[in-house]
Amino acid sequence: MSIADTTLAETEILLAQPRGFCAGVDRAIEIVERAIKLHGSPIYVRHEIVHNVYVVEDLRKKGAIFIERLEEVPAGNTVIFSAHGVSKAVRSEAESRGLRVYDATCPLVTKVHIEVAKMRQDGFDIVMIGHKGHPEVEGTMGQAGEGMHLVEDIEDVQALQLADPERIAFVTQTTLSVDDAAEIIGALKAKYPSIREPKKQDICYATQNRQDAVKFMAPQCDVVIVVGSPNSSNSNRLRELAEKLGVPSYMVDSPDQIDPSWVKGKRRIGVTAGASAPEVLAQAVIARLRELGVRNVRALEGIEENIAFPLPRGLGLPA
Ligand code: SF4
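Cut-off values and rules
- Residues numbered from 1 in each chain as written.
- Predicted model: local features only at pLDDT ≥ 70, side-chain atom pairs only at ≥ 80, totals over all residues.
- Heavy atoms only, no water.
- Core = buried A, V, L, I, M, F, W, Y, C linked by side-chain atoms within 4.5 Å.
- Buried < 20%, exposed > 50% of the residue type's maximum accessible area, 1.4 Å probe, protein only.
- Helix = DSSP H or I, 4+ residues; strand = E, 2+ residues; numbered from the N terminus.
- Domains from an automatic or database assignment.
- Contact = heavy atoms within 4.5 Å.
- Phe/Tyr/Trp six-rings, centres within 6.5 Å; stacked < 30°, edge-to-face > 60°.
- Lys NZ or Arg CZ within 6 Å of the ring centre and 35° of its normal.
- Pairing = 2+ DSSP bridges.
- Right-handed = clockwise from strand over helix to strand, strands pointing away.
- Expected span 1.5 Å × (residues − 1).
- Near = heavy atom within 4 Å.
- Nonpolar A, V, L, I, M, F, W, Y, C, P; charged D, E, K, R; others polar.
- Axes fitted to C-alpha atoms, helices over the stretch in contact; angles between N-to-C directions.
- Parallel < 35°, antiparallel > 145°, perpendicular 65-115°, else oblique.
- Buried area = accessible area lost by both parts, 1.4 Å probe.
- Salt bridge = Lys/Arg side-chain N within 4 Å of Asp/Glu carboxyl O.
- Polar contact = N/O pair within 3.5 Å; in protein donor to acceptor, adjacent residues only side chain to side chain.

## Points about the nonpolar core
Argument step 1. In terms of nonpolar packing, the biggest core is built from 31 residues, with Val32, Ile49, Leu59 and Ile80 touching the most fellow members.
Argument step 2. Where this core is concerned, the elements lending two or more residues are helix H1 (23-39), strand E2 (43-46), helix H2 (53-62), strand E3 (64-67) and helix H8 (205-217).
Argument step 3. For this core, the leading source of residues is H1, giving eight residues.
Argument step 4. Of the domains in this structure, domain 1 (6-21 + 205-299) and domain 2 (23-105) are the two that each give at least three residues to this core.
Argument step 5. In this structure, leucine 59 is in contact with Ile29, Val32, Glu33, Ile36, Ile49, Ala64 and Phe66, ignoring residues within four places of it in sequence.

What follows is the structure in structure tokens.
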């Protein structure tokens with residue numbers, strides 16, 4: 001007996017554009033694959049290279065070993081830093097242990113690290129807007145030994161006590177909600193009118209574009225499904241955004257997590273994917289929805305991204 005729900009025959013899937021992999025994630029995965037090809041397995045990767053279960057499992061099968069602490073890497077081995085970046089302390093530990101390092105930190109995270117270093121050099125205290133415990137935040141906060149202050153929300157801004165309000169600057173995590181960050185930045189500027197801001201916002205192009213695509217898609221939908229892993233910051237923000245726009249929204253790591261009751265009686269189902277979620281999973285979600293009886297799929301219009309970042313020295317030549 002078919003599992004297809006015939007009432008879904010007229011239902012349409014709307015596919016967000018852009019969705020899925022960003023240039024930083026593409027590069028990070030390629031760094032691991034090329035390092036394995038060049039040096040053989042195992043290759044150690046500090047933290048999940050990107051926050052996606054499917055990607056991590058795939059690389060594990062190819063020979064990557066994921067670790068959280070550098071002491072887990074045996075002497076003389078190769079370690080790759082994840083796309084989220086690392087603190088200066090981690091970098092020097094790897095150096096002092098003589099490990100071979102490939103750095104998969106996204107260049108847009110490195111840009112924030114450089115901002116921090118420069119502003120600390122100029123004597124500024126730095127307020128970082130971000131989510132406590134996220135590896136990118138730990139890496140960026142760890143670019144300076146002192147003078148860094150993390151805020152997660154407006155209450156944290158209100159509680160801030162800074163010695164010299166004339167010499168402060170802010171940076172942000174790259175994958176925040178654009179709207180939430182704007183509110184927190186507003187509160188910071190109200191409290192510290194001379195606060196210095198980044199020349200170009202730290203929230204990256206991929207985060208901005210995927211959130212804009214959800215803002216366009218969600219109002220046309222009865223339900224939104226975001227493909228992404230639970231620890232993916234930017235995927236969580238996409239789900240929250242659709243929900244804030246009044247549309248029931250769910251995040252799934254794989255198609256079998258879709259509960260048929262989510263789409264029952266719905267006319268339009270929006271599908272998107274976080275920057276660390278591969279297109280193969282978005283397609284598997286569409287296939288599952290087809291199995292459930294949906295027949296129509298329409299890709300929405302949106303920005304075509306054509307950004308690519310160069311690979312680190314030593315891995316950049318064609319494989
Ligand atoms: S989400 Fe943005 S900052 Fe993170 S890896 Fe992708 S491009 Fe880089």
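## Things to note about the packing of aromatic side chains
Argument step 1. Evaluation of the coordinates by the stated rule reveals one aromatic pair.
Argument step 2. Between the aromatic rings of tyrosine 250 and tryptophan 262, the centroid separation amounts to 4.0 Å while the plane-to-plane angle is 0 degrees, which identifies the pairing as stacked. Here tyrosine 250 is found in strand E10 (residues 249-252), whereas its partner tryptophan 262 is found in helix H10 (residues 260-263), with twelve residues between them in sequence.
Argument step 3. Lying over the aromatic face of phenylalanine 124, arginine 196 brings its terminal NZ or CZ to 4.2 Å of the ring centre.

## Re the pairing of strand E4 (residues 78-81)
Argument step 1. On E4, burial covers both faces: Thr78 and Ile80 on one face and Val79 and Phe81 on the other are all buried.
Argument step 2. Note: E4 against strand E5 (residues 100-103), four bridges, orientation parallel. Residue pairing for E5: phenylalanine 81 is matched across the bridge by aspartate 103.
Argument step 3. Following the chain from E4 across helix H3 (residues 88-96) to the adjacent parallel E5, one finds a crossover that is right-handed.

## As for H8
Argument step 1. An ideal rise of 1.5 Å per residue puts 18 Å on 13 residues; H8 measures up with 18 Å between its terminal C-alpha atoms.
Argument step 2. Among all positions of H8, only Tyr205, Ala206, Thr207, Asn209, Arg210, Gln211, Ala213, Val214 and Met217 are buried.

## A word on the site of the ligand
Argument step 1. The immediate surroundings of the ligand are formed by Cys22, Gly24, Cys106, Leu108, Thr174, Thr175, Cys204, Tyr205 and Ala275.
Argument step 2. Across the shell around the ligand, the residue classes tally to six nonpolar, three polar and no charged.

## Here we look at the packing of H1 against H2
Argument step 1. Two numbers describe how H1 lies on H2: the axes approach to 10 Å, and their chain directions differ by 10 degrees. Relative to H2, H1 is oriented roughly parallel. Taken together, the residues of H2 that come into contact with H1 (itself represented by Ile29, Val32, Glu33 and Ile36) are Val55, Asp58, Leu59 and Lys62.
Argument step 2. Grouping the amino acids of the contact of H1 with H2 by side-chain chemistry returns five nonpolar, no polar and three charged.

## Quick word on the domain arrangement of the chain
Argument step 1. Taken domain by domain, the chain comprises domain 1 (6-21 + 205-299), domain 2 (23-105) and domain 3 (108-191).
Argument step 2. Taken over both partners, the interface formed by domain 1 and domain 3 buries close to 770 Å², and the fraction arising from carbon and sulfur atoms is 45%.
Argument step 3. Looking at the side of domain 1 facing domain 3, the largest losses of area belong to Thr207, Ser233 and Arg237, adding up to 44% of the total buried there.
Argument step 4. If you look at where domain 1 meets domain 3, you find two salt bridges.

## Notes on the side chain of arginine 210
Argument step 1. Structurally, arginine 210 is set in helix H8.
Argument step 2. A polar contact of 2.8 Å, which involves the side chain of arginine 210, links it to the side chain of glutamate 305.
Argument step 3. Setting aside its immediate chain neighbours within four residues, arginine 210 contacts Pro18, Arg19, Gly20, Phe21, Cys22, Leu238, Ala273, Ala275 and Glu305.

## Concerning the pattern of salt bridges
Argument step 1. Applying the stated rule across the entire model yields 23 salt bridges.
Argument step 2. In this structure, arginine 69 and glutamate 72 form a salt bridge, with 3.8 Å as the shortest nitrogen-oxygen distance.
Argument step 3. A relative accessible area of 33% places glutamate 72 in the partly exposed class.
Argument step 4. As a salt-bridge pair, lysine 111 and glutamate 115 come within 3.1 Å of each other at their nearest N and O atoms. One end of the pair is lysine 111 and the other is glutamate 115, both in helix H4 (residues 107-121) and four residues apart, which spans about a single turn.
Argument step 5. Given the relative accessible area of 24%, lysine 111 is considered partly exposed.
Argument step 6. Where salt bridges share partners, they join Glu12, Arg268 and Arg298 into one cluster.

## Some points on the sheet that holds E10
Argument step 1. Read across the open sheet, the five strands follow the order E10-E9-E11-E1-E12; overall the sheet is parallel. Each end of this open sheet is capped by a strand with a single partner; those strands are E10 and strand E12 (296-299). For this sheet, the mean inter-axis angle between neighbouring strands, taken without regard to orientation, is 25 degrees.
Argument step 2. Here strand E9 (residues 223-227) pairs with E10 via four bridges, running parallel. Counterpart to valine 226 in the pairing with E10 is methionine 251.
Argument step 3. Most of the contacts of H8 go to strand E11 (residues 268-273), to which it runs at about 180 degrees, and overall it touches strand E1 (12-15), E9 and E11.
Argument step 4. Where helix H9 (residues 233-244) meets the sheet, it contacts E9, E10 and E11, and its direction lies at approximately 165 degrees from that of E10.

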